[in-house]
Amino acid sequence: ACKNYITTHGFYRVWDQDMEALTPKLQDCMRLNTEYQHCVQRVKQRILEQTDERPLIFSEMYVFGKFNTFVRRLEKIIDVLTLIKTYQIVGESHIEGIELAANRFHVIVTTQDFKSSISDFEVQLQMFFGQCFDRIPSTRRALQLVARFEGLKLPCLDITEKYQLILLHYLRDIENTSKLYNHHKADPPVEGTMPPVAGKIQWVRQLLRRIEEPMAVFQEYPKVLQIPSAKKVIKKYNQVAKVLLEFEVLYHQAWLKQVLCSLLVC
């Protein structure tokens with residue numbers, strides 16, 4: 001009866017049916033088996049409670065064995081359908097270069113050793129993700145790339161790890177900016193055509209932009225800033241940004257005093 005229900009009396013093969021329509025039918029048959037066994041157990045218990053009736057004795061393996069075997073096959077089919085549903089989005093993605101993985105997946109779907117092949121496919125996807133990530137030169141593009149892969153919702157990809165790597169790279173940029181500031185703050189490099197004070201302000205603003213622009217990009221991806229390792233990055237950013245702003249304010253005030261003095265002299 002279940003086989004007829006699933007295949008519409010043999011009219012449709014399992015793999016020819018729409019996954020969204022097939023899965024509920026398989027789950028119905030699994031629930032039927034569970035309810036069937038519960039009913040039998042309830043009858044047995046009721047008979048036991050009635051002392052004037054003979055106990056219901058039978059081989060559960062004989063009664064339920066074939067149905068249980070059938071259900072195990074249904075579970076395997078549902079596992080395969082779930083994997084297909086999860087990874088078919090790869091073929092719909094527009095990420096550059098993912099076409100090779102999509103073609104590989106279409107081949108895997110037709111193979112008999114599907115579960116083993118899908119494991120190899122997951123490794124291929126992980127390698128492709130890593131290669132794409134390693135080629136990205138900027139924080140903005142790296143965040144955009146990881147967000148696109150995150151949108152695929154593939155369980156084999158460690159999205160959090162890549163976000164952490166971006167944060168780590170940014171932390172190093174902040175630390176390098178801080179070292180550069182400390183090294184030159186007593187005598188900042190100034191372009192020859194610029195007045196000394198204006199040149200120092202321009203220099204410190206360039207340093208500030210080096211850390212401000214990536215932080216502005218991170219704020220477009222608030223989920224990244226909620227990662228535990230982001231706390232250290234944010235703290236370091238605030239410390240360095242404060243020092244750079246104080247330097248700019250100091251020299252800006254000095255410039256204002258210089259202008260006021262020159263006006264008073266005039």
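Look up: the structure comes first, before these words.
Now for a look at the structure at hand. (Residues numbered from 1 in each chain as written. Predicted model: local features only at pLDDT ≥ 70, side-chain atom pairs only at ≥ 80, totals over all residues. Heavy atoms only, no water.)

1. Here we look at the overall build of the protein chain
Then, number 1: Across its full length, the protein chain carries 10 helices and 0 strands.
Then, number 2: Relative to a compact globule of 266 residues, whose C-alpha radius of gyration would be 18 Å, the protein chain shows 33 Å and is clearly more extended.
Then, number 3: C-alpha atoms of the protein chain, sized along the principal axes, occupy 120 × 50 × 25 Å.
Then, number 4: Taking all 266 residues of the protein chain together, the buried fraction comes to 35%.
Then, number 5: The contacts of the protein chain with a sequence gap of at least 6 include a subset with a gap of at least 24, amounting to 65%.
Then, number 6: When the accessible surface of the protein chain is split by element, carbon and sulfur atoms take 56% of a total near 17800 Å². (Helix = DSSP H or I, 4+ residues; strand = E, 2+ residues; numbered from the N terminus. Rg over C-alpha atoms; globule rule 2.2 N^0.38 Å. Buried < 20%, exposed > 50% of the residue type's maximum accessible area, 1.4 Å probe, protein only. Contact = heavy atoms within 4.5 Å. Areas by Shrake-Rupley, 256 points an atom, 1.4 Å probe, with all protein chains shown as cover.)

2. Some points on the packing of helix 6 (residues 139–151) against helix 8 (residues 196–218)
Then, number 1: Relative to each other, helix 6 and helix 8 sit at 15°, their axes nearing to 9 Å. What the angle tells us is that helix 6 and helix 8 run roughly parallel. Where helix 6 crosses over helix 8, the handedness of that crossing is right-handed. Taken together, the residues of helix 8 that come into contact with helix 6 (itself represented by T139, R140 and L143) are P214, V217 and F218.
Then, number 2: Partitioned by chemical class, the residues of the contact of helix 6 with helix 8 number 4 nonpolar, 1 polar and 1 charged. (Axes fitted to C-alpha atoms, helices over the stretch in contact; angles between N-to-C directions. Parallel < 35°, antiparallel > 145°, perpendicular 65-115°, else oblique. Left-handed = near helix turned anticlockwise from the far one by under 90°. Nonpolar A, V, L, I, M, F, W, Y, C, P; charged D, E, K, R; others polar.)

3. With respect to the packing of helix 5 (residues 114–134) against helix 7 (residues 159–184)
Then, number 1: Contact geometry of helix 5 with helix 7 gives a least axis separation of 12 Å together with a crossing angle of 15°. The angle between helix 5 and helix 7 places the two elements in the roughly parallel class. In this structure, helix 5 meets helix 7 at a crossing whose hand is right-handed. Seen from helix 5, the contacting residues are F129, G130 and F133; seen from helix 7, they are I159, K162, L165 and I166.
Then, number 2: Counted by class, the contact of helix 5 with helix 7 contains 5 nonpolar, 1 polar and 1 charged residues.

4. Topic: helix 8
Then, number 1: In this model helix 8 runs 34 Å from its N-terminal to its C-terminal C-alpha over 23 residues, within 8% of the 33 Å that 1.5 Å per residue would give.
Then, number 2: Residue R209 marks the point of greatest curvature in helix 8, where the axis turns by about 30°. (Expected span 1.5 Å × (residues − 1). Bend = angle between axes of the 7 residues up to and from the residue.)

5. Digging into the environment of A254
Then, number 1: Take A254: it is sitting in helix 10 (residues 230–265).
Then, number 2: Sequence spacing of A254 and V197 is 57 residues, and the spatial spacing of their C-alpha atoms is 7.8 Å.

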